[in-house]
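# Residue-level structure breakdown
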Amino acid sequence: MKIPSLIAALLFFYLPSSIGQSGYKILRDVKKNTSQSGYEILKDVERIDIPFEFKNNLILVNVTFNNTFPLKFIFDTGAENTILAKRTITDLLGVRYEREFKVLGSDMQTELTAYLVRGIHLKIEDMVSPNQTMLVLEEDYFNFEELLGIQIHGILGANIFKGLSVKINFRNKVITLMKSETGKLPNENYQVLPILVEKNKPYLETFVRTQNDTIVKVKLLVDTGAMLALLLNTDSHPGLKAPENAVSGNIGTGLGGFLKGHVGRVSELNFGDIQCNEVITNFQDYEEGMDSSLMLDRNGIIGNGILSRFDVIIDYPALKMYLQPNKSFKKEFKFDKSGLVVIAADFQLSKYIVHSVISGTPAALAGVLPGDEISRLNFAPAGMLTLERINQILRKKEGKKIVLVVKRNNKKHKLIFNLKKIV
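Here's what I pulled together on the structure shown here. Given the structure is predicted, the values throughout are model-derived calculations rather than measurements.

Summing up its helical and strand segments, the protein chain has seven helices and 30 strands in all. For the protein chain, the residues scored as buried account for 58% of the 423 residues in total. A separation threshold of at least 6 residues defines the contact pool for the protein chain, and within that pool the share at least 24 residues apart is 65%. As displayed, the protein chain has an accessible area near 17,700 Å², and 48% of this comes from carbon and sulfur atoms.

Set out below in structure tokens:
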């Protein structure tokens, strides 16, 4: 029997948010008193600038919650609704939970729990939403800190900024919310692309060329809550299979644990006259028991690994997206060259544990094992590193020597390997 379902999010490499067919009643409850459209937020001003941090390929904004708690939320065009991951915050404030309902996990099978709350006051820089309806997770199913090594409290969904033109300047790290000028071209250097907006979320229809030279028309969610460059659902089209040289392993995680799939490349991804080449791509297979209808007929996701290479404007009312390449556009799409997936494990986020090791990779051949605690990386002690810095080191040029000291069963082991291109 199907349960009422709301896929709240998939994180780490991507963080989309989708609603299943049987979740419409829940959505009506969420939308009923969702306080403000974007136009009401901008009723007294022409625009609002919101500075952001860009860490681990995620857009992070400062949010003051109910005039009390300073929090960090992910700015997420791929999420229909705003979600608080930390129930302890609403518990401390005595916020009333109006309804409990079941959430379908990121594997589209695991049943989890969330609550509906209303009347929440959110302040994001100069933007104020005084009567926000949102979702609160019973537990922090995201585990942001463990996976990213930074404090994140929730996601800011498109119900906040719907009806506006949203400009994201990745170079200056500023989001600008503006009233739409009904598709007026910002300047001649922008590529103009039509989009679809479904359940507050923008979708782009374009073409990919796979490694075997097959050209496939795809419908992709434009998702600023996604760390990855590109994700393709292999069962959504017969031409979207992972290439033979793709590696298998974890391609993401979220509500319910890590997701399995393959990582490879596509030869081309087209944006009108603009073309991205040799794009790192996550290929996700539908698992047995997964209801593929919950993907809302999309073929995949475009994330910040690509979007950050452009100045981006999403004009929701005009149903247009504008892209202008920035200085990052021609950079190579990089992937880990060690075979390691590392997570942060302690309260201070300074203890780093090997979660998994891809078979046949340099780290695996050197003897690194899941559960190993990193003590030193290239002679830098763990306490001087961040999870983001560790991942940067493991993406450096091919051939770079890595000296890794790990703690295993209360003994230290020195493991040495050279980085090698995996994908």
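Before going further, it helps to examine the nonpolar core. Ranked by size, the top nonpolar core spans 67 residues in total, and within it Val61, Leu230, Phe271 and Ile306 carry the most contacts. It is strand E21 (residues 274-284) that contributes the most residues to this core, five residues altogether. Contact partners of Val61, with chain neighbours within four places excluded, come to Ile50, Pro51, Phe52, Leu71, Lys72, Phe73, Phe75, Ile124, Leu156 and Ile175. Counting 24 residues, the second largest nonpolar core, distinct from the first, contains Ala85, Phe101, Val103 and Leu148.

On to unusual backbone geometry. One non-glycine residue, Asn57, lies in positive phi territory at about 65 degrees. Counting through the fold element by element, Asn57 comes out in the loop between strand E5 (53-55) and strand E6 (58-65).

If you trace the backbone, Ser180 turns up in the loop between strand E14 (174-178) and strand E15 (191-198). With 17 residues separating them along the chain, Ser180 and Gly163 place their C-alpha atoms 7.8 Å apart.

Considering all chains together, one arrives at eight aromatic pairs under this definition. Centroid distance Phe271 to Phe310: 5.7 Å. Interplanar angle 70 degrees. Geometry classified as edge-to-face. Remark: Phe310 occurs in strand E23 (residues 310-315) and Phe271 occurs in strand E20 (residues 257-271); sequence separation between them is 39 residues. Members of the aromatic cluster, each reached through a chain of ring pairs, are Phe52, Phe54 and Phe170. Over the ring of Tyr203 we find Lys219; its NZ or CZ atom is 4.9 Å from the centre of that ring. Just above the ring of Phe333 sits the side chain of Arg309; from NZ or CZ to the centre is 3.6 Å.

For a regular strand, side chains alternate in direction, first toward one face of the sheet and then toward the other. Of all five residues making up strand E27 (residues 373-377), four are buried, and the element is well covered by its neighbours. Where strand E26 (residues 352-357) and E27 come together, two bridges link them in antiparallel fashion. Note that in E27 the partner of Tyr352 across the bridge is Ile374. Two elements, E27 and strand E29 (residues 401-408), share four bridges in a ladder whose sense is antiparallel. Bridging across to E29, Glu373 finds its partner in Lys407. The sheet contact formed by E27 and strand E28 (residues 380-381) spans two bridges and is antiparallel. The residue bridging Arg376 from the neighbouring strand is Pro381, located in E28. Where E27 hands over to E28, the hairpin turn is made up of two residues, of which Asn378 adopts a positive phi near 50 degrees.

Relative to the assigned elements, Thr77 resides in the loop between strand E7 (69-75) and strand E8 (83-84). For Thr77, a relative accessible area of 0% gives the class buried. For Thr77, the side chain forms a polar contact with the main-chain oxygen of Val222, separated by 2.7 Å. Not counting chain neighbours up to four residues away, the residues in contact with Thr77 comprise Ala158, Phe161, Lys201, Pro202, Val222, Asp223, Thr224, Gly225, Ile314 and Tyr316.

Okay, the side chain of Thr90 next. Turning to its location among the elements, Thr90 is positioned in helix H3 (residues 87-93). Judged by its relative accessible area of 0%, Thr90 falls in the buried class. Residues in contact with Thr90, not counting those within four places in the same chain, are Phe65, Leu84, Val95, Tyr97 and Val136.

What follows deals with the pairing of strand E25 (residues 340-344). For E25, a buried count of five out of five residues is recorded, marking the element as mostly surrounded by other parts of the structure. Of the two faces of E25, the one carrying Leu340, Val342 and Ala344 and the one carrying Val341 and Ile343 are both buried. With five bridges connecting them, E25 and E26 associate as antiparallel partners. Note that in E26 the partner of Val342 across the bridge is Val354.

As enumerated under the stated definition, the model contains 12 salt bridges in all. Here Asp91 ties to Arg87 by a salt bridge, and the two come within 3.3 Å at their closest N and O atoms. With Asp91 and Arg87 both in helix H3 and four residues apart, the pair spans about one turn of that helix. Taking relative accessible area as the criterion, Asp91 reaches 41% and is therefore assigned partly exposed.

Conventions we followed
Residues numbered from 1 in each chain as written. Predicted model: local features only at pLDDT ≥ 70, side-chain atom pairs only at ≥ 80, totals over all residues. Heavy atoms only, no water. Helix = DSSP H or I, 4+ residues; strand = E, 2+ residues; numbered from the N terminus. Buried < 20%, exposed > 50% of the residue type's maximum accessible area, 1.4 Å probe, protein only. Contact = heavy atoms within 4.5 Å. Areas by Shrake-Rupley, 256 points an atom, 1.4 Å probe, with all protein chains shown as cover. Core = buried A, V, L, I, M, F, W, Y, C linked by side-chain atoms within 4.5 Å. Phe/Tyr/Trp six-rings, centres within 6.5 Å; stacked < 30°, edge-to-face > 60°. Lys NZ or Arg CZ within 6 Å of the ring centre and 35° of its normal. Pairing = 2+ DSSP bridges. Polar contact = N/O pair within 3.5 Å; in protein donor to acceptor, adjacent residues only side chain to side chain. Salt bridge = Lys/Arg side-chain N within 4 Å of Asp/Glu carboxyl O.

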